[in-house]
Every structure is written in structure tokens, then in C-alpha cells.
Amino acid sequence: MDATTSGTPTVQYHNIPDQPITAIVAAPVSAFLRQVHHCFGDSTPGEFPLAANPSIVLHVLTTCNLDPQDLAKLEATCSFFRQPANFAPDYELSISELAALDMCQRRAIFKPMTDEERQSLKHRCGGSWKLVLRFLLAGEACCRREKSQAIAGPGHSIAVTSSGAVYSFGSNSSGQLGHGNTEEDWRPQQIRSLQGIRIIQAAAGAGRTMLISDAGRVYAFGKDSFGEAEYGVQGTKLVTTPQPVESLKDIFVVQAAIGNFFTAVLSREGRVYTFSWGKDSKLGHKTEPNDVEPQPLLGALENIPVVQIAAGYCYLLCLACQPSGMSVYSVGCGLGGKLGHGSRTDEKYPRLIEQFQLLNLQPMVVAAGAWHAAVVGRDGRVCTWGWGRYGCLGHGNEECESVPKVVEALRDVKAVHVATGDYTTFVVSDDGDVYSFGCGESASLGHNTAGEGQGNRHANVLSPELVMSLKQVNERVVQISLTNSIYWNAHTFALTESGKLYAFGAGDKGQLGIELANNQTERGNPERVDIDLN
């Protein structure tokens, strides 16, 4: 499903030792007695010489007993040999390293890098092109980079098409729709001033929006601040059309995340920078609340590449990619145990959440709700932690959890995507089914068994329940986005594989992109938004 793949399957290198080409070239060439190995119908690998030198051998697995996923991996691994790679001779790289480099060069954020920047990234990832490839693919998978996406912001919404066009609708009191005015829009309107600029990522906060282009430039509009003061609202100037963030012009940005007191951005090299909330060094630096200069996130992640960031109300999660595997770091306010360290202590610098190692779980996607967090593992398990109010953790109660805990009610579901909001959680399975739990206010959970009547659509849900209203659209859901703010009633988007967008929940400001009937403020059932994101 395209919420978890990048179009190119993950490459696995199975116990085949790398041999530098220098060792092969230096070996004396001797007569080679060709032996024919047939693998058809055989369970053992076949060996096929790639040259007269018997040191160069292509190991081919039989495809007879492979499932479709493993077969796709095999095809991806062999793609390097299907066409000219146009590489200059490099006697230091093994064949598998050359194949990984070839696949790296096809990634959008890798292509414009200079040789020096590529070598720096290689060193940062652990000194291997295979590790660089894993880093790039992991970022594409968890962030929908280069794919269509919908963002359910606080009172307003952003939709990005697969071609990079941007539509916005909903509340616009601060100019956060980017149309050059402060008037609400109940229907999706394209941001015309961005024509000619391809947008690949979007983030929405209270009264502000940030967009990331394929060239790594950041455009912001709405409130002119990157965070709110702890007491009172920051930002007096309104920006009603997208403007480049000059302080980020020297950083190639691939993702942005907006919390309440701060904003964070992620560079293509996997470095994290934060704006605002430097009072008392809450994010490892001491700056004024309205500071517009990015500050590097110091500490444990200075030399570890990050593939995804997620911002809650007052904390930040970072999904890191290391040679030993994927891991999650957290920083910020620890109230309710939402940092995942078994305590309620604040952290000024990123700290590794160790519980995933104890659970033997490889994190692949991370989501930060206002007060709670969630992770999807490679094996499809879902973990949640933090404030458990209204049942948003899915453990059948409203207890807080200070370390990640597996959602046992989803043990028979292989999850691929998770989204969190203000005491609300959604999980998408590998077959496109959607489960939700937590606060049912504004009908944003999608459980509406009584049609348009009240029924139980406002009821809180303590354990995951299948969202039958989305099952009825008869399409695989690939992304869920829901409002992550304590100040606005929540609304929810469901994006399908074919690019159709469905909306439900609060719509009093037009944030659903749907005209509501008189005196109607919400939609209980998913309704198609008039926009095609593909």
C-alpha cells in the first residue's frame, strides 16, 4: 500500500559478503569451466557467472516458493542489472554497493546533491550506500514524500496533489489559507501564487501553514510566529500569501512539524532544527519565544540521521535511522508520561525511548498527538503511550502509560499507518481497513451506526473499533489525518489509493471542504470532497 512503500520495494541483502572489485581485478584470470545450474523447480540457489572470472557470480534464488513480497524484493535487487548504470569505474565498491548507489540516485532528494554532500550523507548514515538507501526509503514511507496528502489542521485544511499543487479551505482569520485575504473558504481553492513550484510536504498549526517544495524551500503564511508564548498569543503580523522562510534558505528541508509552542523542520541529511520555545532551554537552547532563527537540535541526535519528526502540543518525537535499526527519541514536556521514558520528567535534549528494544519492535512510523503518541512497528504491531483520557491509547481504559505499550486489541491486525490528534487515534491496516478509538466529540471517529441521527457517533471508544463508514467506500485507505489541537473541534480526512478524499467531523469553518446544511456544524459519515489528489 502506498502509505508504506515508495514505489520501489525495500531492498534486503541476505548474508552475501561484500567483496571490493579491487580484489576481483587483482585475482589472476584462469580458465573457467562453466557448470550449468538449473534452479527451475529446485529449492537451492543457482549460480550464474557474470564474466569469465569465476569470482563474479550472480546468486539467484528460485522463485518457485517465494511469496509476492519476497519476489518484489528480488526483482528490485536485480533492477540494477536490467539497464546501463552509467557509472564510472569504481574499484572500491562491491556490486551490492553499486546497486544501492544506483537506487539512491533515483530518489528525488538525492539527485540534486553534490558529490561532497553525498559523501557526507554516506558518512552520517554509517559509511554504506545500502544504509543511505535505507534512510531514504524510510523517509519516503513514513512521510508520504512525493505523494498526495491531506492535512486536517486546526480549523483549516491543506491538500497536496501528487503533482505538487496545493489546495486550502476552512478558517482564514490569519491568512492561513494563502489566498491573499482573510475570508473563509468552504470549498477547496488552489493557491495560485505557488504555480510553478512543486510542493511535497505540508504542515498546519493554529492560524499558520508551512509548505515544503521539492527544492527544499520552506514557504509559510498565516501568523508570523513559529510558536505561541506560554501565556498569550505570539505574532501580530499576518502573512496572507506563501512567503519563503529566509532563515531556512541554506537548509534543504524535507519535512516540517508544528507544535503549540514551537516549530521543527527536518533537513534532507536528517538533521532537526527548532524555532521558538527556547525559554529556560526547553529545547536545548535559550531564545526568545518569537525568534525566527532555526536552532539545531543538539544532544544525542547530532550525529544520527532522522527520517521523520512529529510534534505534539509541547513535545517532539524523532524517528531515527541507525545501522543497528530504527529508533525513537523524544524531547520536551514529560507530563503524563508522553515522552515514553517511564517517568513524567521533562527532557531538554533528545533521549532514546528504550522500551522498543525490550518489546523487540522496530519502529517504522511515529505519530505525536497533543498529549499522547503512537508508533507502528515493522511487524505491524501498534504501541501507544502518554495521557489515556477518553481511551485514546486503545487499552480499554483511560489510564496513562509512561512507556510504549502494545495495543493488544489490534494483535490480529497488521498496521501500516497511524495518526493521532487531541485524545484520538486512527490505525490503518495493510489491507486498507481503518480502526479508531478515543474521544468521540464532533463525530471525528467515524462511528455513526445511526445514520445522520445522533446515535453513538459522539461516544468515546476505549478500544479499537473498525470504522465501518470507511469500509463502505470500497477503496483502500492509505492515509488518515486528523486535527491535533486542543483549541478546535476535530475533523478527519481519509485518503484512498486512487486519490479520493473523504471528510467527516467538525465543519463549522468550512474545514471539511463540504457545504453543510443550515444549522449543521459537523458530518457524521465520510463525504467525498470535490478534489482529486492524483
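Just so it is clear, the structure is predicted and the values come from calculations on it, not from any experiment. (Residues numbered from 1 in each chain as written. Predicted model: local features only at pLDDT ≥ 70, side-chain atom pairs only at ≥ 80, totals over all residues. Heavy atoms only, no water.)

Chemist: Tell me what's going on with helix α3 (residues 95-104), and back it up with residues and numbers.
Modeler: Counting buried residues along α3, nine of its 10 residues qualify, which places the element largely inside the surrounding structure. Looking only at α3, the buried set comprises Ser 96, Glu 97, Leu 98, Ala 99, Ala 100, Leu 101, Asp 102, Met 103 and Cys 104. (Buried < 20%, exposed > 50% of the residue type's maximum accessible area, 1.4 Å probe, protein only. Helix = DSSP H or I, 4+ residues; strand = E, 2+ residues; numbered from the N terminus.)

Chemist: Go over the UniProt feature "repeat: RCC" (unreviewed entry) in the protein with me, naming the residues and quoting the values.
Modeler: Those places that UniProt annotates as "repeat: RCC" (unreviewed entry) correspond, in this numbering, to residues 164-215, 216-269, 270-322, 326-379, 380-431, 432-498 and 499-534. Within the segment residues 499-534, helix and strand shares are 0% and 50% respectively, and the terminal C-alpha atoms sit 5 Å apart. (UniProt positions renumbered as here; feature names shortened; annotations may be inferred.)

Chemist: How would you sum up the sheet that holds strand β11 (residues 253-258)? Please name residues and give values.
Modeler: If you walk across this open sheet you meet the four strands as β11-β12-β13-β14, and the pairing is antiparallel. Either end of the sheet is taken by a strand with one partner, and the two such strands are β11 and β14 (295-296). For strand β12 (residues 263-267) and strand β13 (residues 272-275), the ladder comprises four bridges, and the chain directions are antiparallel. Paired with Leu 266 across the strands is Val 272, a residue of β13. (Pairing = 2+ DSSP bridges.)

Chemist: Give a detailed account of the sheet that holds strand β8 (residues 208-213), specifying residues and quantitative values.
Modeler: Two pairing modes exist for strands in a sheet, parallel and antiparallel, and in both the strands are linked by backbone hydrogen bonds. An order of β7-β8-β9-β10 is seen for the four strands of this open sheet, with the pairing classed as antiparallel. At either end of the open sheet lies a strand with only one pairing partner, and these are β7 (199-205) and β10 (238-244). Averaged over all pairs of adjacent strands, the angle between their axes in this sheet comes to 10°, without regard to strand direction. Judged from the four bridges that link them, strand β9 (residues 218-223) and β10 form a sheet pairing that is antiparallel. Considered in β10, the bridge of Lys 223 is made with Leu 238. (Axes fitted to C-alpha atoms, helices over the stretch in contact; angles between N-to-C directions.)

Chemist: Let's hear about the nonpolar core: which residues, and what values?
Modeler: Membership of the largest hydrophobic core comes to 99 residues, with the highest contact counts inside it found for Phe 110, Ile 309, Leu 316, Phe 426 and Ile 480. Broken down by element, this core gets its largest block of residues, 10 residues, from helix α5 (residues 129-143). Two domains share this core, each providing at least three of its residues, namely domain 1 (90-141) and domain 2 (142-226 + 235-448 + 456-514). Not counting residues up to four positions away in its chain, the partners in contact with Phe 110 are Leu 101, Cys 104, Gln 105, Arg 118, Leu 121, Trp 129, Val 132 and Leu 136. Counting residues in each nonpolar core, the second largest holds 15 residues, with Ile 212, Val 245, Leu 248 and Ile 251 among its members. (Core = buried A, V, L, I, M, F, W, Y, C linked by side-chain atoms within 4.5 Å. Domains from an automatic or database assignment. Contact = heavy atoms within 4.5 Å.)

Chemist: Now, about the side chain of Ser 96: what can you tell me, with residues and values included?
Modeler: The topology assignment puts Ser 96 in helix α3. Overall, Ser 96 belongs to the buried group, its relative accessible area being 16%. Looking at Ser 96, its side chain comes within polar contact range of the side chain of Ser 94, at 3.3 Å. (Polar contact = N/O pair within 3.5 Å; in protein donor to acceptor, adjacent residues only side chain to side chain.)

Chemist: So what's going on with helix α4 (residues 115-125)? Which residues, and what values?
Modeler: At 3.6 residues per turn, the α-helix brings residues three or four places apart onto the same side. Taken together, the buried positions of α4 are Arg 118, Leu 121, Lys 122, Arg 124 and Cys 125. Considered in projection along α4, the buried side chains sweep an arc of 165° and stay on one side of the axis. α4 presents Asp 115, Glu 116 and His 123 as exposed residues on the side facing more than 90 degrees away from its buried surface. On the buried face of α4, the contacting elements are α3 and α5. Downstream of α4 by one or two residues, Gly 126 has phi in the positive range, about 125°. (Arc of directions from axis to C-beta.)

Chemist: Break down the environment of Ala 257 for me, with residues and values.
Modeler: Following the sequence through the fold, Ala 257 ends up in strand β11. Ala 257 gets classed as buried once you look at its relative accessible area, which sits at 7%. In this structure, Ala 257 is in contact with Thr 263, Ala 264, Ile 309, Ala 310 and Ala 311, ignoring residues within four places of it in sequence.

Chemist: Outline the packing of aromatic side chains, supporting the account with residue identities and numerical values.
Modeler: Under the defined criterion, the tally for this structure stands at eight aromatic pairs. Plain terms: the ring middles of Tyr 313 and Trp 371 are 4.7 Å apart, the flat faces sit at 40° to each other, and that makes the pair tilted. Taken together, the residues span a long stretch of sequence, with Tyr 313 in the loop between β15 (306-311) and β16 (315-322) and Trp 371 in the loop between β19 (363-368) and β20 (372-377) at a distance of 58 residues. For the pair Tyr 313 and Trp 371, a shared accessibility class is recorded, and that class is buried. Considering the side-chain rings of Tyr 390 and Tyr 423, the 5.5 Å spacing of their centres and the 80° angle between planes classify their relative orientation as edge-to-face. Of this pair, Tyr 390 sits in the loop between β21 (382-386) and β22 (401-406) while Tyr 423 sits in the loop between β23 (415-420) and β24 (424-429); the two residues are 33 residues apart in sequence, bridging distant segments of the chain. Judged by its relative accessible area of 11%, Tyr 423 is buried. Members of the aromatic cluster, each reached through a chain of ring pairs, are Phe 261, Tyr 313 and Trp 371. Sitting over the face of the ring of Phe 252, Arg 268 holds its NZ or CZ atom 4.2 Å from the ring centroid. (Phe/Tyr/Trp six-rings, centres within 6.5 Å; stacked < 30°, edge-to-face > 60°. Lys NZ or Arg CZ within 6 Å of the ring centre and 35° of its normal.)

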